[in-house]
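Residue-level structural notes
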Amino acid sequence: MARTMAKTIHILNGPNLNLLGTREPEVYGRATLADVETLCREAADRHGYAIVFRQTNREGELVDWIQEAATGNAAGIVINPAGYTTTSIAILDAILAVKVPVIEVHISNIHAREEFRHRSYVSRGARAVICGFGVAGYALAIEGLAKLAASSKS
Ligand code: CA2
């Protein structure tokens, strides 16, 4: 019997998230980015998806990866734009240019923090936003994408 290839969810992490688990555990917890990759892979496996998991400290690289996800016909994008959340029109434009559903994730509750973290450009293009659940928010985002895909089939 022919097997179809699993569709892919792209999980994109912005600047400084490579430091996860090494600094500010009171804000971001003790999980490392490698732990986040494992939890994403497990969540994606449960729903029959493959993942691409990436981190960069460069804005343009996030733009390139959003475009790449779209040309590769991804099932969705989960993005934690980190410090670019409140500054990057380029990332917003990339999201608006693609048809792939985008879920914005923040580990901390950005609305309970400094005012400058509250206004997200990325949210204007996101299908949904998850914040304040710690790194579990990534798994919730994958679950949400799986539910969206199932409901668009029915
Ligand atoms: O809560 C989030 O996930 C944030 O996107 C994290 C960003 C911050 O600028 C946003 O306002 C909220 C910061 C990412 C930096 O990550 C670090 C992790 C550990 C230690 C130091 C930085």
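Structural data are supplied above this passage.
The structure reproduced in this document is the subject of the present report. (Residues numbered from 1 in each chain as written. Predicted model: local features only at pLDDT ≥ 70, side-chain atom pairs only at ≥ 80, totals over all residues. Heavy atoms only, no water.)

As a further point, take the side chain of His-10. Position of His-10 relative to the elements: it lies in strand β1 (residues 8-13). You can call His-10 buried: its relative accessible area is 8%. Apart from the residues lying within four places of it in its own chain, the contact partners of His-10 are Val-52, Ala-69, Ala-74, Gly-76, Ile-77 and Val-78. (Helix = DSSP H or I, 4+ residues; strand = E, 2+ residues; numbered from the N terminus. Buried < 20%, exposed > 50% of the residue type's maximum accessible area, 1.4 Å probe, protein only. Contact = heavy atoms within 4.5 Å.)

To continue, consider the site of the ligand. Neighbouring the ligand are 16 residues, the closest being Asn-80, His-106, Ile-107, Ser-108 and Arg-117. His-106 places a polar side-chain atom, nitrogen or oxygen, 2.9 Å from an oxygen atom of the ligand. With respect to the ligand, the side chain of Ser-108 contributes an N or O atom lying 2.6 Å from an oxygen atom. Contact with the protein chains covers 92% of the free accessible surface of the ligand, which is 510 Å². Residues of the shell around the ligand, tallied by class, amount to eight nonpolar, five polar and three charged. (Near = heavy atom within 4 Å. Polar contact = N/O pair within 3.5 Å; in protein donor to acceptor, adjacent residues only side chain to side chain. Areas by Shrake-Rupley, 256 points an atom, 1.4 Å probe, with all protein chains shown as cover. Nonpolar A, V, L, I, M, F, W, Y, C, P; charged D, E, K, R; others polar.)

Turning our attention to the packing of helix α3 (residues 59-71) against helix α4 (residues 89-97). Running from N to C, α3 and α4 point in directions that differ by 0 degrees, and their axes come no closer than 9 Å. Viewed along their axes, α3 and α4 adopt a mutual orientation that is roughly parallel. Here Glu-59, Leu-62, Val-63 and Ile-66 of α3 lie close against α4, whose contacting residues are Ala-90, Ile-91, Ala-94 and Ile-95. Split by residue class, the contact of α3 with α4 holds seven nonpolar, no polar and one charged. (Axes fitted to C-alpha atoms, helices over the stretch in contact; angles between N-to-C directions. Parallel < 35°, antiparallel > 145°, perpendicular 65-115°, else oblique.)

Formed by 27 residues in total, the largest nonpolar core has its most connected members in Ile-9, Ile-11, Cys-40, Val-78, Val-135, Tyr-138 and Ile-142. Breaking this core down by element, the ones donating at least two residues are β1, α2 (33-46), β2 (50-55), β4 (102-106) and α5 (136-153). With 17 residues, the next largest nonpolar core counts Ala-74, Tyr-84, Val-98 and Val-100 among its residues. (Core = buried A, V, L, I, M, F, W, Y, C linked by side-chain atoms within 4.5 Å.)

Backbone-to-backbone hydrogen bonds pair the strands of a sheet. The strands run either parallel or antiparallel. A sheet is described by the order of its strands in space; here five strands give the open sequence β2-β1-β3-β4-β5, paired in parallel fashion. Bordering the open sheet on either side are β2 and β5 (128-131), each of which pairs with just one other strand. Adjacent strand axes in the sheet meet at a mean angle of 15 degrees, parallel and antiparallel pairs treated alike. Across five bridges, β1 lies against strand β3 (residues 76-80) in parallel orientation. Looking at β3, one finds that His-10 is bridged to Ile-77. Sitting on the sheet, α3 is in contact with β1, β2 and β3, with an inclination near 175 degrees to β1. (Pairing = 2+ DSSP bridges.)

Along the polypeptide, Pro-25 turns up in helix α1 (residues 25-28). On the basis of relative accessible area, Pro-25 is assigned to the partly exposed category, the value being 28%. Between the C-alpha atom of Pro-25 and that of Glu-115, which follows or precedes it by 90 residues, the distance is 21 Å.

So, on to the pattern of salt bridges. What the rule picks out here adds up to four salt bridges. Its salt-bridge partner being Glu-114, residue Arg-113 comes within 3.8 Å of it at the nearest N-O pair. In this structure, Glu-114 engages Arg-117 in a salt bridge whose closest nitrogen and oxygen atoms are separated by 2.8 Å. When salt bridges that share partners are traced, they join Arg-113, Glu-114 and Arg-117 into one network. (Salt bridge = Lys/Arg side-chain N within 4 Å of Asp/Glu carboxyl O.)

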